[in-house]
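Okay, here's what each chain looks like letter by letter:
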Amino acid sequence: MTYLPRRITGISRSILCSCQCLPRGGALLLGVPAAYSMAFFPGKRTRGTLLWMLSTRMLPPVGVLVPVYLIAKSTHLLDTVIGLAIINMLTNLPIIVWMLYTFFKEVPVPILEAGRMDGANRWQEISIVLLPLALPGIASTALLSLILCWNEAFWSLNLTSSNAAPLASFIASFSSPEGLFFAKLSAASTLAVAPILIFGWFSQKQLVRGLTFGAVK
Amino acid sequence: MAKVELRDIRKTYHAEEIIKGVSLDINDEDFVVFVGPSGCGKSTLLRMIAGLEEISGGDLMIDGKRVNDVEPAKRGLAMVFQSYALYPHMNVYQNMEFGLKLAGMPEAERRQKITDVAKTLQLDTYLKHKPGQLSGGQRQRVAIGRAIVRNPKVFLFDEPLSNLDAALRGQMRVELATLHRRLKATTIYVTHDQVEAMTMADKIVVLQKGVVEQVGSPLELYHHPRNLFVARFIGSPPMNFLPVTVRSTGTEGITVVLDHGNPLVVPVLPNDTAAAESLTLGIRPEHIVLDPNGEIEGIIRMVERLGALTLLHVAMPDGTLIIVQTDGDHGGEVDHPIRLHLLAENCHLFDAGGMALTKLMRHRLAD
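About the criteria used
For every chain, the first residue of the written sequence is number 1, and numbering continues from 1 onward in sequence order. Chains and ligands are labelled sequentially in the order written, the chains with letters from A and the ligands with numbers from 1. pLDDT decides what is reported in this predicted model: residues at 70 or higher carry local features, side-chain atom pairs at 80 or more are listed and counted, and totals for whole chains, interfaces and linings draw on all residues regardless. Secondary structure counts use DSSP, requiring at least four H or I residues in a row for a helix and at least two E residues in a row for a strand, with both numbered from the N terminus. Here a residue counts as buried when 20 or more other C-beta atoms sit within 10 Å of its C-beta, as exposed when there are 12 or fewer, and as partly exposed otherwise, the C-beta atoms being derived from the backbone. This entry defines residue contacts through backbone-placed C-beta atoms, with two residues in contact when those atoms are within 7 Å. Just so you know, the domain bounds were taken from an automatic or database domain assignment. Every axis in this analysis is a line fitted to C-alpha atoms, fitted for helices over the stretch in contact. Angles between the N-to-C directions lie between 0 and 180 degrees. Here is the rule for angles: anything less than 35 degrees is roughly parallel, anything more than 145 is roughly antiparallel, 65 through 115 is roughly perpendicular, and the remaining ranges are oblique. Note on convention: near helix rotated counterclockwise from far helix by under a right angle means a left-handed crossing. Clockwise means right-handed. Charged means Asp, Glu, Lys or Arg here, nonpolar means Ala, Val, Leu, Ile, Met, Phe, Trp, Tyr, Cys or Pro, and polar covers whatever is left, Gly included. Pairing between strands is defined by DSSP: at least two bridges between the two strands are required.

**Focus: the overall build of chain B**
Phase 1 of the analysis: A count of helices and strands for chain B gives eight helices and 20 strands.
Phase 2 of the analysis: Its C-alpha atoms give chain B principal-axis dimensions of about 75 × 45 × 40 Å.
Phase 3 of the analysis: Counting across all 367 residues of chain B, residues that qualify as buried make up 39%.
Phase 4 of the analysis: Residue pairs at least 24 apart in sequence account for 65% of intrachain contacts in chain B once pairs closer than 6 positions are excluded.

What follows is the structure in structure tokens.
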């Protein structure tokens, strides 16, 4: 029974981390303008930038573990919720930009131009015209990165110990030098899977649309 | 309401000039149509006037004021797009209201305006519908309504009818012309369809590869094309072209000889045309008549019966195909020989550079 409070704080931290790094932390806030400019005002380097962003996802995270750890340490972000949120946000940003980019590409340009002719400034063009049109895409992007953040284990295990440990670290703690606690491990894992499973069930239509949108007409 | 002037307007994309210095005066209340084959720059030119495309060189003046660097919404224009470009998440009312709202018009005034416009466009029962629930013609009317409510100085239309089926296109053409007569607003209309251009325009601007080939009234372009390109582009079925040789010149025109035919006196100014020079003779299908004593002979290769008229595709001895328009009751049969007479007063002559020689007589409706 001693682990119950730890479990609860672990869950709440997981929720905090996966939520905070998304809408609050600003991955979307950074991602929307980035995707907007790349989709509608492509320059010479847009293609290259997009590929570079994707390439950061191909790098095994362990390759940058030492520098990231050192940066986190020197900025006192080690084992803090905000530190983990920043890392999760940055690792997900490329995927978010890519997804939003493909969704925005599907929005017919004349509709945005009509907005411009009607007198909308850049911000109104994005908020009143573009975002409502891309809403399904934005929702599925948000959902996907929520799942990715929730499942994220590598950075949670390496950058947190007790103060900011989310569910992943908590579950991992059952495999300790004292032995494997299979029962507790199983219970905790099931619990960890449940919210995403339920969430995913309700939103599977959006999610699939999001993942395959633009692939086929 | 407004006068639009283009002064040596240029557009450069990646070091390639696609609009090569267009100068044009569009008078108040004019209905001007930009027409040309795809890729001629007509849409780019319209988008430059709208402010959606940057102007690389020259001056764009609206009512005497240079507006090159003025934002689209502040130029006092409204545009109707080819794809309608309605806001799909807003209903018809909100679509029309959007621009007025951004301009800060009070609610009551907006409502009044939209109700009025919706009534004239027969959209009053659809105000609560989303664009997705409307037919193509209704969407088009919403797009036009959205332009009208803003009370613009100039209307811009970018191929607005090309997404409609043929019957609806004919109907909308009449509606647009009626609307223009009622609103009396300066209108610039882009199309690749020369029928739309001929039927609606006060003034047609024919463009090719970013250059204005000719500006004039529909019948001026039809009867007095300035060069081969305009002659070929305006008119359907298109003008026929035959190679001819000059025999002599005189005050009554130029006497030319067809390859396998008799001489023909075409009433044009000879200028410095010399005997034995090669020219191109242009003649419209309706100006060729069937005549047993006609000067040229050919073989019917195809018969297109349109009901009221019949089009005969006739092969000349040298293999050139020409189209002859005759009445619907003509019983022409494929592979039969036929003799034709060219109405000389309706012929056009083009020099080696493709420029038309000036006709001695102006058509009475051309000016």
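Right, picking up where we left off after that structure.
**Brief notes about the domain arrangement of chain B**
Residues and elements named next belong to chain B.
Phase 1 of the analysis: Assigned domains within chain B: domain 1 (4–232) and domain 2 (233–350).
Phase 2 of the analysis: Put simply, the parts of the chain that give the side of domain 1 that touches domain 2 at least two residues each are helix H6 (194–200), helix H7 (218–223) and helix H8 (228–233).
Phase 3 of the analysis: No other element matches H8, which puts five residues into the side of domain 1 that touches domain 2.

**Some details on the packing of helix H3 (residues 46–58) of chain A against helix H5 (residues 81–106) of chain A**
All names here are of chain A.
Phase 1 of the analysis: Taken N-terminus to C-terminus, the directions of H3 and H5 make an angle of 135°; their axes are 9 Å apart at the nearest point. Our classification of the angle between H3 and H5 gives oblique. Between H3 and H5 lies a crossing whose hand is left-handed. Of H5, the residues touching H3 (which contributes Leu50, Met53, Leu54, Thr56 and Arg57) are Pro94, Ile95, Val97, Trp98 and Tyr101.
Phase 2 of the analysis: In the contact of H3 with H5, the residues fall into eight nonpolar, one polar and one charged.

**Some details on the interface of chain B and chain A**
Phase 1 of the analysis: The partner chain A presents 14 residues to the 16 residues of chain B that form the contact.
Phase 2 of the analysis: Secondary structure elements with two or more residues in the side of chain B that touches chain A: strand S6 (77–80) and helix H2 (92–102) of chain B.
Phase 3 of the analysis: Sort the elements by how many residues they give to the side of chain B that touches chain A and H2(B) lands first, with three residues.
Phase 4 of the analysis: Residues that form the side of chain B that touches chain A fall into these classes: 13 nonpolar, three polar and no charged.

**Observations concerning the sheet that holds strand S1 (residues 4–13) of chain B**
All names here are of chain B.
Phase 1 of the analysis: One open sheet holds the four strands; their spatial order is S2-S1-S4-S5, and the pairing between them is antiparallel. At either end of the open sheet lies a strand with only one pairing partner, and these are strand S2 (16–26) and strand S5 (65–66).
Phase 2 of the analysis: Across eight bridges, S1 lies against S2 in antiparallel orientation. Bridge pairing links Val4 to Ile26 in S2.

**Section: unusual backbone geometry**
All names here are of chain B.
Phase 1 of the analysis: Here the residue pair Ser236 and Pro237 is connected by a cis peptide bond, since its omega of -5° sits within 30 degrees of zero.
Phase 2 of the analysis: Examined against the element boundaries, Pro237 turns out to sit in the loop between H8 and strand S11 (240–250).
Phase 3 of the analysis: The backbone of Asp8 sits at a positive phi, close to 50°, despite the residue not being glycine.
Phase 4 of the analysis: As for its position among the elements, Asp8 is in strand S1.
Phase 5 of the analysis: A positive phi angle, near 45°, is found at His14, a position not held by glycine.
Phase 6 of the analysis: Along the polypeptide, His14 turns up in the loop between S1 and S2.
Phase 7 of the analysis: His14 gets classed as exposed once you count the C-beta atoms within 10 Å, which come to 5.

**A look at the sheet that holds strand S15 (residues 288–290) of chain B**
Two pairing modes exist for strands in a sheet, parallel and antiparallel, and in both the strands are linked by backbone hydrogen bonds.
All names here are of chain B.
Phase 1 of the analysis: The five strands are arranged S15-S19-S16-S17-S18 in an open sheet whose pairing can be described as antiparallel. Two strands lie at the open edges of the sheet, namely S15 and strand S18 (321–327), each paired on one side alone. On average, each strand axis in the sheet is tilted by 50° relative to the strand beside it, whichever way the strands run.
Phase 2 of the analysis: Where strand S17 (residues 309–315) and S18 come together, seven bridges link them in antiparallel fashion.

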